[in-house]
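Topology and contacts: notes
Listed here are the chains, written in short residue letters.
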Amino acid sequence: TQLLEQSPQFLSIQEGENLTVYCNSSSVFSSLQWYRQEPGEGPVLLVTVVTGGEVKKLKRLTFQFGDARKDSSLHITAAQPGDTGLYLCAGGGQGAQKLVFGQGTRLTINP
Amino acid sequence: DTGVSQNPRHKITKRGQNVTFRCDPISEHNRLYWYRQTLGQGPEFLTYFQNEAQLEKSRLLSDRFSAERPKGSFSTLEIQRTEQGDSAMYLCASSLNPRDTQYFGPGTRLTVL
């Protein structure tokens, strides 16, 4: 069974600080996605990484896929209150591509 | 808006009642997925369709759950004899092809009293 562990599960920081969220597994994934979810809404895709070692940037967000395609990280620079939300990593395996999700990191950015 | 839509957005029911949810995927998306998300957890896979064929079901999908996609377009998820443990957000996602990005709908929040 493929599992994804996210850490930390909760993070509360001040506006302007930097943060990193981790997503780890003992399994290899063919791709890994990061989603952001607002209360009462479905997850919204932020990025997909598919190549080991790949780094993608989305404004102040930097995503990295581990060389062995077993882990990923999300780094936010100069966090803003608008970054508040639930961040989910999800791994796609071979074949059916059903997603395996981590339990999420609930991020709160305080003004 | 041409995203994934789900109805109803909220459903409150009494234990033992049957409920049905509907998902309309993005037009021409062949793959349709159902996930369940309980409070404080990430979504968990329930089942998926390739066009009208249901190709995989999770062990989470007990006999009380049934999903259909009769014409390869919209899908329904029915829960019979609901239990309090069925309370969750039920999410639908669609993708054009198996390896493509899955786009999620807003979900249906079910509360079983």
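Residues numbered from 1 in each chain as written. Chains lettered and ligands numbered in written order. Predicted model: local features only at pLDDT ≥ 70, side-chain atom pairs only at ≥ 80, totals over all residues. Heavy atoms only, no water.

Turning to the overall build of chain A, a few remarks are in order. Scanning chain A from N- to C-terminus turns up zero helices and 11 strands. Seen through its principal axes, chain A has C-alpha atoms that stretch 45 × 30 × 20 Å. Residues classed as buried in chain A amount to 47% of the 111 residues present. Taken together, the 9 basic and 9 acidic charged side chains of chain A have centroids lying 6 Å from each other. (Helix = DSSP H or I, 4+ residues; strand = E, 2+ residues; numbered from the N terminus. Buried < 20%, exposed > 50% of the residue type's maximum accessible area, 1.4 Å probe, protein only. Lys, Arg positive; Asp, Glu negative; His and termini not counted. Charge placed at Lys NZ, Arg CZ, Asp CG, Glu CD.)

Moving on, we get to the pattern of salt bridges. Pairing between side chains becomes possible if they bear opposite charge and their charged atoms approach one another. Residues and elements named next belong to chain B. In total, this model carries eight salt bridges over all chains according to the counting rule given. Asp86 is paired through a salt bridge with Arg64; the nearest N and O atoms lie 2.8 Å apart. Placement of the pair is Asp86 in the loop between β8 (75-79) and β9 (88-95) and Arg64 in the loop between β6 (53-57) and β7 (65-68), with a sequence separation of 22 residues. Comparing Asp86 with Arg64, the two get one shared label, buried. If you follow the salt bridges from partner to partner, you end up with Arg64, Glu83 and Asp86 in one network. (Salt bridge = Lys/Arg side-chain N within 4 Å of Asp/Glu carboxyl O.)

With that out of the way, let us pick up the sheet that holds strand β6 (residues 55-58) of chain A. Residues and elements named next belong to chain A. With antiparallel pairing, five strands are arranged side by side in an open sheet as β1-β3-β8-β7-β6. Either end of the sheet is taken by a strand with one partner, and the two such strands are β1 (5-7) and β6. Looking at each pair of strands side by side, their axes are set apart by 15 degrees on average, direction ignored. For β1 and strand β3 (residues 19-24), the ladder comprises three bridges, and the chain directions are antiparallel. By the bridge assignment, Gln6 is partnered in β3 with Cys23. (Pairing = 2+ DSSP bridges. Axes fitted to C-alpha atoms, helices over the stretch in contact; angles between N-to-C directions.)

All names here are of chain B. One pass over the full model with this rule turns up two disulfides over all chains. Sulfur-sulfur distance for the disulfide between Cys23 and Cys92 comes to 1.8 Å. The disulfide joining Cys23 to Cys92 has a torsion of about -65 degrees about its S-S bond and is therefore left-handed. Within this pair, whereas Cys23 is found in strand β3 (residues 19-24), its partner Cys92 is found in strand β9, the two being separated by 69 residues in sequence. The pair formed by Cys23 and Cys92 is uniform in burial state, with each residue classed as buried. (Disulfide = S-S within 2.5 Å.)

The next subject is the interface of chain A and chain B. It is common to give the size of an interface as the accessible area that goes away when the parts come together. Contacts between the two partners involve 20 residues from chain A and, on the opposite side, 21 residues from chain B. Applying the counting criterion to the chain A and chain B interface returns two salt bridges. Between B:Arg9 and A:Glu41 there is a salt bridge; the shortest N-O distance is 3.4 Å. Across the contact surface, chain A and chain B share seven residue pairs in polar contact (both at pLDDT 80 or more). Of the residues in the side of chain A that touches chain B, the class split is eight nonpolar, 10 polar and two charged. (Contact = heavy atoms within 4.5 Å. Polar contact = N/O pair within 3.5 Å; in protein donor to acceptor, adjacent residues only side chain to side chain. Nonpolar A, V, L, I, M, F, W, Y, C, P; charged D, E, K, R; others polar.)

This next bit is on the sheet that holds β7(B). The strands that make up a sheet pair up through hydrogen bonds in the backbone, lying either parallel or antiparallel. Residue and element names in this part refer to chain B. Read across the sheet, four strands follow the order β1-β3-β8-β7 without closing on themselves; strand pairing throughout is antiparallel. Two strands in the sheet have a free side with no partner beyond their single neighbour: β1 (5-7) and β7. Shown here is a sheet whose adjacent strand axes are inclined to one another by a mean of 15 degrees, direction ignored. In terms of strand pairing, β7 meets β8 through four bridges, oriented antiparallel. Bridging across to β8, Glu68 finds its partner in Thr76.

Another point: unusual backbone geometry. Residues and elements named next belong to chain A. A cis amide bond links Ser7 to the next residue, Pro8, at an omega of -10 degrees. Relative to the helices and strands, Pro8 is located in the loop between β1 and β2 (10-14). Positive phi outside glycine occurs at Lys59, with the angle close to 55 degrees. Along the chain, Lys59 turns up in the loop between β6 and β7 (61-65). Exposure remark for Lys59: the relative accessible area of 82% places this residue in the exposed category.

Before going further, it helps to spend a moment on the packing of aromatic side chains. For any pair of aromatic rings, the description consists of the separation of the ring centres together with the inter-plane angle of the planes. Residues and elements named next belong to chain B. All told, the structure shown has 11 aromatic pairs over all chains when counted by the stated rule. Ring geometry for Phe21 and Tyr90: centres 5.4 Å apart, planes at 40 degrees, overall tilted. Of the two residues, Phe21 sits in strand β3 while Tyr90 sits in strand β9, which places them 69 residues apart along the sequence. Summarising the aromatic geometry, the rings of Tyr35 and Phe45 are spaced 6.0 Å apart at their centres and angled 75 degrees between planes, so their arrangement reads as edge-to-face. On the criterion of sequence distance, the pair formed by Tyr35 in strand β4 (residues 31-37) and Phe45 in strand β5 (residues 44-50) is long-range, its members being 10 residues apart. Accessibility assignment for this pair places Tyr35 and Phe45 in one class, buried. Directly above the ring of Phe74 sits Arg22, whose terminal nitrogen or CZ lies 3.9 Å from the centroid. (Phe/Tyr/Trp six-rings, centres within 6.5 Å; stacked < 30°, edge-to-face > 60°. Lys NZ or Arg CZ within 6 Å of the ring centre and 35° of its normal.)

By themselves these figures say nothing about function.
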